[in-house]
Amino acid sequence: MRKLFPGIFIVVLSLLCIPYVIAPEAAPEPSLMEIFNHLGFTNVAEADVETFLPGIYEVTLYAEFAGYNEENELGYYEVGTSTYNVIFYGLEGNFGYTDAPITKEIDAPYVFGLSLHTPEDHRYFTQHSNNGDGEQHSIVYENLNDPLMYIVGFENIWGAEDRDYQDIVISLKLKTPEQVIPEVPFGTILIAATMLIAFVCFVAYKRFRRPQIVDF
Ligand SMILES: [Ca+2]
Ligand SMILES: [Ca+2]
């Protein structure tokens, strides 16, 4: 019996270790390009774009491959200001692909950028020079199948760390451009004003001129 004891001990120890030995490794996160392919964005090109023109946009949240997915907030801001308007709060979305894409509309009557605020109280911008760590934290792609749509991926770790840029993935689709009032040249305004004044003077002259008295 004493000889059997070490053998039993080894068998029991082996059984206890089995779950750790056969536990599957966590699947690696998909790359940004794999995410694009999964979403059907198969015709994209990286764009040298950091800010966006005024207008009404549809913004869609597709994925958050980030441990901070419950705290990260995506917003927009007027360029040159520090007022941030939240588009997606932390609890919107989930780790990985969003269960169902979430779409919202924003009305930005000014040139704007996008920013990501993290639970470490860092804020990262599509304007690279605004980033406190001096790193690039977003990549903007054009959807070549939809010229009105940009697709944006953010990196949410200080120092840009793994640079997978899929910690949050969204699209920005222009619905209505800001109305642009055409500029009228000053010379045209001056001519029109002169003609108007001349017309008013002519009418006034005809109306108020005294009748001539004919003395027979
Ligand atoms: Ca990352
Ligand atoms: Ca990630």
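Residues numbered from 1 in each chain as written. Chains lettered and ligands numbered in written order. Predicted model: local features only at pLDDT ≥ 70, side-chain atom pairs only at ≥ 80, totals over all residues.

Trainee: I tried to follow the overall build of the protein chain on my own but got confused; where do I start?
Mentor: What the protein chain contains, in helices and strands, is 3 helices and 10 strands. The long-range share in the protein chain, meaning contacts at least 24 apart out of those at least 6 apart in sequence, stands at 67%. (Helix = DSSP H or I, 4+ residues; strand = E, 2+ residues; numbered from the N terminus. Contact = placed C-beta atoms within 7 Å.)

Trainee: Looking at this structure, I do not really get unusual backbone geometry. What am I missing?
Mentor: With the exception of glycine, the majority of residues adopt a negative phi angle, and the majority of peptide bonds are in the trans configuration. For Asp121, which is not a glycine, the phi torsion comes out positive at approximately 60°. Within the secondary structure, Asp121 sits in the loop between β6 (112-117) and β7 (123-125). Residue classification places Asp121 among the exposed residues on the basis of 6 C-beta atoms within 10 Å. Backbone geometry places Ala160, a non-glycine residue, at a positive phi of 70°. Its place among the elements puts Ala160 in the loop between β9 (149-154) and β10 (168-177). (Buried ≥ 20, exposed ≤ 12 C-beta atoms within 10 Å, placed from the backbone.)

Trainee: What is the right way to look at the pairing of strand β2 (residues 55-64) in this model?
Mentor: On a regular strand, each side chain points to the face opposite its neighbour's, so the side chains alternate between the two faces of the sheet. The pairing of β2 with strand β5 (residues 96-108) spans 9 bridges and is antiparallel. Residue Gly55 lies in a different strand from β5, and its bridge partner there is Ala108. Looking at chain direction, β2 and β10 are connected through 8 bridges and run antiparallel. Bridge pairing in β10 places Ile56 opposite Thr176. (Pairing = 2+ DSSP bridges.)

Trainee: Please explain helix α2 (residues 32-39) as it appears in this structure.
Mentor: Residues spaced three or four apart along an α-helix face the same direction, because each turn holds 3.6 residues. All of the buried residues along α2 are Leu32, Ile35 and Phe36. One side of α2 holds all its buried residues, which, seen down the axis, span an arc of 100°. Positioned one or two residues after α2, Gly40 has a phi angle of 90°, which is positive. (Arc of directions from axis to C-beta.)

Trainee: What should I look at first to understand the sheet that holds β2 in this one?
Mentor: Paired through backbone hydrogen bonds, the strands of a sheet run either parallel or antiparallel to each other. The strand order β1-β8-β9-β10-β2-β5 describes an open sheet built from 6 strands, whose pairing is antiparallel. The sheet terminates laterally at β1 (44-46) and β5, the two strands that pair on one side only. Neighbour-to-neighbour, the strand axes of this sheet turn through a mean angle of 25°, independent of strand direction. (Axes fitted to C-alpha atoms, helices over the stretch in contact; angles between N-to-C directions.)

Trainee: It is not clear to me how the sheet that holds β6 should be interpreted in this structure. Could you clarify?
Mentor: Within the open sheet, the 4 strands sit side by side as β4-β3-β6-β7. Their pairing is antiparallel. Edge positions in the sheet fall to β4 (84-88) and β7, since each of these pairs with one other strand and no more. Within the sheet, the average angular offset between the axes of one strand and its neighbour, ignoring direction, is 35°.

Trainee: How do you make sense of the nonpolar core when you look at a structure like this?
Mentor: Soluble globular proteins tend to pack their nonpolar side chains together in the buried interior. Core analysis: the largest hydrophobic core is formed by 31 residues, its most contacted members being Leu74, Val152, Ile168 and Ile170. Elements with a contribution of two residues or more to this core: α2, β2, β3 (73-78), β4, β6, β7, β9 and β10. When residues no more than four places from it in sequence are discounted, the contact partners of Val152 are Leu114, Thr126, Ser138, Val140, Ile170 and Leu172. (Core = buried A, V, L, I, M, F, W, Y, C linked by C-beta atoms within 7 Å.)

Trainee: Honestly, the environment of Pro101 in this entry has me stumped. Any pointers?
Mentor: The residue Pro101 is located in strand β5 in this model. Overall, Pro101 belongs to the partly exposed group, with 14 C-beta atoms counted inside 10 Å. Through-space distance from the C-alpha of Pro101 to that of Thr60 is 6.3 Å; in sequence the pair is 41 residues apart. Pro101 has contacts with Thr60, Leu61 and Tyr62, leaving out every residue within four places of it along the chain.

Trainee: Sorry, what's going on with the pairing of β4 here?
Mentor: Sheet analysis places β3 next to β4, joined by 4 bridges and oriented antiparallel. Bridged to Gly75 within β4 is Val86. In sequence, β3 turns back onto β4 through a hairpin of 5 residues, with Gly80 there showing a positive phi of about 90°.

Trainee: When you look at the environment of Thr98 in this model, what are you seeing that I'm missing?
Mentor: Locating Thr98 in the fold gives a position in strand β5. Take Thr98: there are 20 C-beta atoms within 10 Å of it, and that puts it in the buried class. Sequence separation of Thr98 and Glu64 is 34 residues, and the distance between their C-alpha atoms is 7.2 Å.

Trainee: I would appreciate a short explanation of the environment of Leu114 in the present structure.
Mentor: Counting through the fold element by element, Leu114 comes out in strand β6. A residue is classified by how many C-beta atoms lie within 10 Å of it, and Leu114, with 26 of them, is buried. Residues Leu114 and Val152 lie 38 residues apart in sequence; the distance between their C-alpha atoms is 9.2 Å. Residues contacting Leu114, with those up to four places away along its chain left out, are Leu74, Tyr76, Thr126 and Val152.

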